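Per-entry structural report
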Amino acid sequence: MTGTAPRPRLSTPLRVTTAVAAVVPLCTAGWFGWRALDHSHPAGAAVAVSAPAAAQAAAPADTADPTATPVAPPTAPPVAPPPTADDPTGTAAPAAGANGLAGRTVLLDPGHNPGNSAHTAEINRKVDIGNARKECDTTGTETDAGYTEAEYTLDVSRRARAILAARGATVVLVQDGDRPWGPCIDERAKAGADAHADVAVSVHGDGGPAGGSGFHVIMPARVVAGKADNSAIVEPSHRLGLLLRDRFRTATGEPYADYVASQGLDTRSDLGGLNLSTVPKVFIECGNMRNPTDAKRMTDPQWRQQAAQGIADALTAFLTTR
Ligand SMILES: [Zn+2]
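How each quantity is defined
- Within any chain, residue numbers begin from 1 and follow the written order of that chain's sequence.
- Restriction of local features to residues with pLDDT of at least 70 applies here, the model being predicted, together with a cutoff of 80 or more for giving and counting side-chain atom pairs; totals for whole chains, interfaces and linings are based on all residues.
- We call two strands paired when DSSP finds no fewer than two bridges between them.
- Under the scheme used here, helices are H or I runs from DSSP no shorter than 4 residues and strands are E runs no shorter than 2 residues, and both carry numbers assigned from the N terminus.
- Each axis is a line fitted through C-alpha atoms, and for a helix only the stretch in contact is used; angles between axes span 0 to 180 degrees, taken between their N-to-C directions.
- It is the C-beta atoms, placed from the backbone, that decide contacts: two residues are in contact if theirs lie within 7 Å.
- To sort the angles, those under 35 degrees are grouped as roughly parallel, those over 145 as roughly antiparallel, those from 65 to 115 as roughly perpendicular, and the leftovers as oblique.
- Crossing handedness follows the turn of the near helix against the far one: under a right angle anticlockwise gives a left-handed crossing, and clockwise gives a right-handed one.
- Following the grouping adopted for this structure description, the nonpolar residues are Ala, Val, Leu, Ile, Met, Phe, Trp, Tyr, Cys and Pro, the charged ones are Asp, Glu, Lys and Arg, and the polar ones are all others, Gly among them.
- Labels follow a simple rule on C-beta atoms placed from the backbone: if 20 or more others lie within 10 Å of a residue's own, it is buried; if 12 or fewer, it is exposed; otherwise it is partly exposed.
- In plain words, the nonpolar core is the set of buried Ala, Val, Leu, Ile, Met, Phe, Trp, Tyr and Cys residues that C-beta atoms within 7 Å link up.
- Per residue, pLDDT measures the predictor's confidence, with a range of 0 to 100.

Turning our eyes to something else, we now look at the sheet that holds strand β5 (residues 199–206). With mixed pairing, six strands are arranged side by side in an open sheet as β4-β1-β5-β10-β6-β9. A single partner strand is all that each edge strand has here, and the edge strands are β4 (170–173) and β9 (265–268). Strand-to-strand twist across the sheet, computed as the mean angle between neighbouring axes with direction ignored, equals 25°. Judged from the five bridges that link them, strand β1 (residues 105–110) and β5 form a sheet pairing that is parallel. Its bridge partner lying in β5, Pro-110 is registered against Val-203. In the packing of helix α5 (residues 149–166) onto the sheet, the strands contacted are β1, β4, β5 and β10 (281–288), and the crossing angle to β5 comes to about 145°. Sheet strands in contact with helix α9 (residues 292–299) are β5 and β10, and its direction is about 110° off that of β10.

This is the structure we're talking about:
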């Protein structure tokens with residue numbers, strides 16, 4: 001959080017309305033007004049005044065069961081687009097109305113599986129990723145206190161699913177805590193095509209050196225080798241990577257990784273999940289679980305909701321902008 005000013009927090013719809021009305025003329029503040037509104041009432045901001053019950057149903061609280069099926073308010077008006085005048089990158093937040101993503105399919109790939117550690121023989125089996133053979137899956141990392149990466153990735157993916165589903169998307173999880181181990185990385189890559197997904201994100205937490213902190217996004221290098229040919233997804237995945245890097249940072253305040261990647265971005269050719277994907281896909285390492293500061297954040301359900309918000313916003317932007 002170094003160097004990142006805290007965002008304004010507004011607690012009631014009236015205050016949100018007042019605040020937004022006050023900041024709209026100020027183009028430098030308009031974006032932050034939007035973000036404050038968005039975060040005070042995740043996924044249901046614009047309907048909170050006219051349909052509070054429906055908005056609550058569509059907007060799980062930070063402590064709500066992230067597996068709960070969101071109920072989209074049938075008469076909810078679309079969420080107004082945010083100000084864009086102060087967005088020099090041209091990647092303003094999307095106009096994600098209640099049905100803004102109708103007809104679109106998103107694949108979320110929660111890295112690892114809580115059961116992998118009990119199935120080492122199965123996950124150690126080598127699979128073909130085009131330019132190499134690699135373990136089917138791995139156990140992932142964990143915090144010093146024993147909060148596992150697999151628990152983290154599943155929780156954040158479920159939270160992101162709820163947000164995206166409330167926006168009308170069809171969301172498919174590669175695994176939903178519903179299988180004893182895996183799947184293997186080649187199957188995870190194939191899942192995007194199987195689901196006829198428009199886009200995919202693989203969610204991870206890193207296991208870097210304890211002194212390093214921050215998040216980074218991993219984009220696919222072009223790999224044409226053996227059964228891998230991801231040529232068609234390199235460019236759109238790069239666009240997705242930039243959006244995810246920016247949205248995740250905005251939503252969480254997490255700094256770019258200071259021990260790996262550059263400016264929060266890396267490009268790799270050794271990940272089966274990227275080599276073999278035929279739909280635009282990136283990985284996000286949301287933080288370093290071996291670092292005490294990052295571990296504290298990643299263990300906090302409220303921070304995980306922000307992480308999910310950043311991921312969902314990036315996917316929404318990818319699907320609604322060009
Ligand atoms: Zn991982």
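The subject of this paragraph is the packing of α5 against helix α10 (residues 301–320). One can describe the packing of α5 onto α10 by two numbers: an axis separation of 8 Å at closest approach and a directional angle of 50°. Classified by the angle their axes make, α5 and α10 are oblique. Between α5 and α10 the crossing geometry is right-handed. Each of Asp-155, Val-156, Arg-159, Ala-160, Ile-163 and Leu-164 in α5 lies in contact with α10, whose residues at this interface are Arg-304, Gln-305, Ala-307, Ala-308, Gln-309, Ile-311, Ala-312 and Leu-315. Split into classes, the residues belonging to the contact of α5 with α10 amount to nine nonpolar, two polar and three charged.

The subject of this paragraph is the environment of Cys-184. Within the secondary structure, Cys-184 is located in the loop between β4 and α6 (185–194). For Cys-184, a count of 20 C-beta atoms within 10 Å translates into the label buried. When the C-alpha positions of Cys-184 and Lys-126 are compared, they lie 9.2 Å apart, and in sequence the two are 58 residues distant. When residues no more than four places from it in sequence are discounted, the contact partners of Cys-184 are Val-127, Cys-136 and Asp-137.

The step from Gly-182 to Pro-183 runs through a cis peptide bond, and the omega angle for that step is 10°. The topology assignment puts Pro-183 in the loop between β4 and α6. In this structure, His-112 is a non-glycine residue whose phi angle is positive, near 70°. For His-112, the location among the structural elements is in the loop between β1 and α4 (120–124). Taking the C-beta count within 10 Å as the criterion, His-112 has 26 such neighbours and is therefore assigned buried. Non-glycine residue Ala-261 carries a positive phi angle of around 65°. Along the polypeptide, Ala-261 turns up in the loop between α7 (231–252) and β9. Look at Ala-261 and you get buried, because 20 C-beta atoms sit within 10 Å.

This paragraph deals with the nonpolar core. Of all hydrophobic cores here, the largest spans 55 residues; its most connected members are Leu-164, Leu-244, Ile-284, Ile-311 and Leu-315. Here this core gets ten residues from one element, more than from any other, and that element is α10. If we ignore the near neighbours within four places in the chain, the residues touching Leu-244 are Val-201, Val-217, Val-282, Ile-284, Ile-311 and Ala-314. Grouped together as the second largest cluster of nonpolar side chains are ten residues, Ile-123, Trp-181, Ala-189 and Ala-228 included.

Among the six residues in β1, five count as buried, and that is most of the element. Where β1 meets β4, four bridges bridge the pair, whose relative direction is parallel. Paired with Leu-107 across the strands is Val-172, a residue of β4.

With that settled, consider the environment of Gly-241. As for its position among the elements, Gly-241 is in helix α7. Overall, Gly-241 belongs to the buried group, with 27 C-beta atoms counted inside 10 Å. Each C-alpha atom, one on Gly-241 and one on Leu-315, is 9.9 Å from the other, the two residues being 74 residues apart in sequence. Apart from residues no more than four positions distant in its own chain, Gly-241 is found in contact with Val-217, Met-219, Leu-265 and Val-282.

Bringing the confidence of the model for the protein into the picture now. Per-chain confidence: the protein averages 80 in pLDDT, with 70% of residues scoring 70 or above. Counted against residues more than four places away or in other chains, residues 1–94, with its pLDDT under 50, gives 130 contacts.

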